[in-house]
Amino acid sequence: MIVRWDLDALPDVCAEAGVEAPLLVASPRWELPIRAVSRWSEVPSHRIDDAAAQAGGGVVAVGGGSAIDLGKAISAVAGVGLVSVPTTYAGAEWTTFYGVRDPDRKMRGGGAGANPRGIVYDGDLTLDLPRETTVGTAMNALAHCAEALYVEGHNPDADEHALAGARLIGEWLPRVVDAPRDREARTELLRGACHGGAALGGSGLALAHALAQAIGGRYGLPHGTLNGVCLPPALRWNEQWVPDSVQRFRAAAGRDVEELTALGGVTRLRDLGVPEADLPELAEAAAGRAGNYANPRPATAVEIEALLRDAW
């Protein structure tokens, strides 16, 4: 992966990645130092093929996880390279798989096979993120760090990124909440998310993400916020099977995960409007997800329901 810092590096990254005359997926608010053959401010889930038909020169996606997932979907369909410019801490820019949501944010499909070739980070692009999005997407990045340390595909390189990311997020997220327009704090938090994404890309997802994906895909709830709510019970569960890995994560983060989650204001599933009566069905859905199977010990639906009640 080609990784550069500062938006001015985007033309060089595109050239190095072989992404020339690209289709641009970006909100009109973003001014970029490249020329695109076409620009889509949004890509409806039923028009991925239409966008892919204009992406012969590659794709540049600017935005949060949803925008970058759309870029990945177009990349996969068109068989072209993707350069991402993240404006949140979600980490989607590091993986080849993606989900596609409808306008109500409910999951309408997904897949794999994207061709991410480059990433450009710039802390200034995150300065105006609202608090809830800041904390939610940072907690998603923190979950990447935690799970990389014990997921089935964990390895020393991913572990190194996971521990570096956990340290940075634990240190800088509270500072960003206290001073949202502090450029240094935003940039260091973004560095933490970058390490979390690299850890994710080098290892994989486990139980906390399985819970968050099952819930978010059904109700259209923010994925990062759900990871903040679901990670604590998942960590307690996994502490039974891989205590050393969980302890390494906790020591690196340096703060209680619930404390960091609370910075965003939402700490329980009921705060997000998840009906208690739906928990058994959600548990069944989470039990069948790949993240659960890649967990140190996959949880049964009954065990997952207990974790969801803990988070409810």
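You'll find the structure just up there.
Residues numbered from 1 in each chain as written. Predicted model: local features only at pLDDT ≥ 70, side-chain atom pairs only at ≥ 80, totals over all residues. Heavy atoms only, no water.

Would you mind showing me how to read the packing of helix H5 (residues 156-178) against helix H9 (residues 243-253) here?
Where H5 contacts H9, the two axes come as close as 7 Å, and the packing angle between them is 40°. One way to sum up the angle between H5 and H9 is to call them oblique. Contacts between H5 and H9 involve Asp-159, Leu-163, Ala-166, Arg-167 and Gly-170 on the former and, on the latter, Arg-248, Phe-249, Ala-252 and Ala-253. Tallied by class, the residues present in the contact of H5 with H9 amount to five nonpolar, one polar and three charged. (Axes fitted to C-alpha atoms, helices over the stretch in contact; angles between N-to-C directions. Helix = DSSP H or I, 4+ residues; strand = E, 2+ residues; numbered from the N terminus. Parallel < 35°, antiparallel > 145°, perpendicular 65-115°, else oblique. Contact = heavy atoms within 4.5 Å. Nonpolar A, V, L, I, M, F, W, Y, C, P; charged D, E, K, R; others polar.)

Just checking my understanding: could you explain unusual backbone geometry for this structure?
Leaving glycine out, the prevailing phi sign among residues is negative, and the prevailing peptide bond configuration is trans. Positive phi, normally seen in glycine, also occurs at Asp-6, with a value near 95°. Assignment of secondary structure puts Asp-6 in the loop between strand E1 (2-5) and helix H1 (10-17). In this structure, Ala-21 takes a positive phi of about 50° despite not being glycine. Examined against the element boundaries, Ala-21 turns out to sit in the loop between H1 and strand E2 (23-25).

Is there a simple way to think about the pairing of strand E5 (residues 82-86) in this case?
Each regular strand carries side chains that alternate between the two faces of the sheet. In terms of burial, E5 is a largely internal element, five of the five residues being buried. By the alternation rule, side chains of E5 split into Leu-82, Ser-84 and Pro-86 and Val-83 and Val-85, which are all buried. Relative to E5, strand E4 (residues 59-63) runs parallel, the two being bridged by five bridges. Bridging across to E5, Ala-61 finds its partner in Ser-84. For the segment spanning E4, helix H3 (residues 65-78) and E5, crossover handedness is right-handed. With three bridges joining them, E5 and strand E8 (residues 116-121) adopt parallel strand pairing. Bridging across to E8, Ser-84 finds its partner in Ile-119. (Buried < 20%, exposed > 50% of the residue type's maximum accessible area, 1.4 Å probe, protein only. Pairing = 2+ DSSP bridges. Right-handed = clockwise from strand over helix to strand, strands pointing away.)

Would you mind going over the pattern of salt bridges with me for this structure?
A side chain with one charge can pair with a side chain of the opposite charge if their charged atoms come near. The full count for this structure, using the stated rule, is 17 salt bridges. One salt bridge connects Asp-159 with Arg-248, and the closest N-O pair in it is separated by 3.5 Å. In this pair, Asp-159 is assigned in helix H5 and Arg-248 in helix H9, connecting sequence segments 89 residues apart. On the accessibility criterion, Asp-159 (11% relative accessible area) is buried. When its relative accessible area of 37% is taken as the criterion, Arg-248 is described as partly exposed. The partner of Arg-309 in a salt bridge is Glu-305, with the nearest N and O atoms 2.9 Å apart. Of this pair, Arg-309 and Glu-305 both sit in helix H13 (residues 301-311), four residues apart, which is roughly one turn of the helix. Take Arg-309: its relative accessible area is 36%, and that puts it in the partly exposed class. One salt-bridge network, held together by shared partners, links Arg-218, Asp-278 and Glu-281. (Salt bridge = Lys/Arg side-chain N within 4 Å of Asp/Glu carboxyl O.)

Can you help me understand H13 in this one?
Taken as a whole, H13 has its buried residues at Ala-301, Ile-304, Leu-307, Leu-308 and Ala-311. With its buried residues spanning 115° around the axis, H13 presents them on a single face. In this structure, the buried residues of H13 make contact with helix H7 (207-219), helix H8 (223-238), helix H11 (279-287) and helix H12 (290-293). (Arc of directions from axis to C-beta.)

Would you mind going over the sheet that holds strand E3 (residues 38-40) with me for this structure?
Working definition: the strands of a sheet are paired by backbone hydrogen bonds and lie parallel or antiparallel to each other. One open sheet accounts for six strands, arranged E1-E8-E5-E4-E2-E3; its pairing is parallel. With partners counted over all chains shown, the strands left at the sheet margins are E1 and E3, one partner each. Ignoring strand direction, the axes of neighbouring strands in this sheet form an average angle of 15°. With respect to the sheet, H3 is in contact with E2, E4 and E5, its orientation differing from that of E4 by roughly 165°. Packed on one face of the sheet, helix H6 (residues 183-202) meets E1 and E8 and runs near 175° to E1.

Mind showing me how you'd approach empty space enclosed by the protein here?
Sizing a probe to match a water molecule and rolling it over the atoms shows the empty space that remains. Following the criterion strictly, the structure yields one cavity of 30 Å³ or more and no others. Lining the largest cavity we find Glu-132, Val-135, Gly-136, Met-139, Gly-224, Thr-225, Gly-228, Thr-261, Gly-264 and Val-266. Mapped onto the lining of the largest cavity, the elements with two or more residues apiece are helix H4 (131-148) and H8. Sorting elements by how many residues they give to the lining of the largest cavity places H4 first, with four residues. Taken together, the residues of the lining of the largest cavity sort by class into three nonpolar, six polar and one charged. (1 Å grid on protein atoms, 1.4 Å probe; cavity = no way out; pocket = protein on both sides within 12 Å on 5 of 7 lines; lining within 4 Å. Points joined across faces, edges and corners; volume = space filled by probe spheres on them.)

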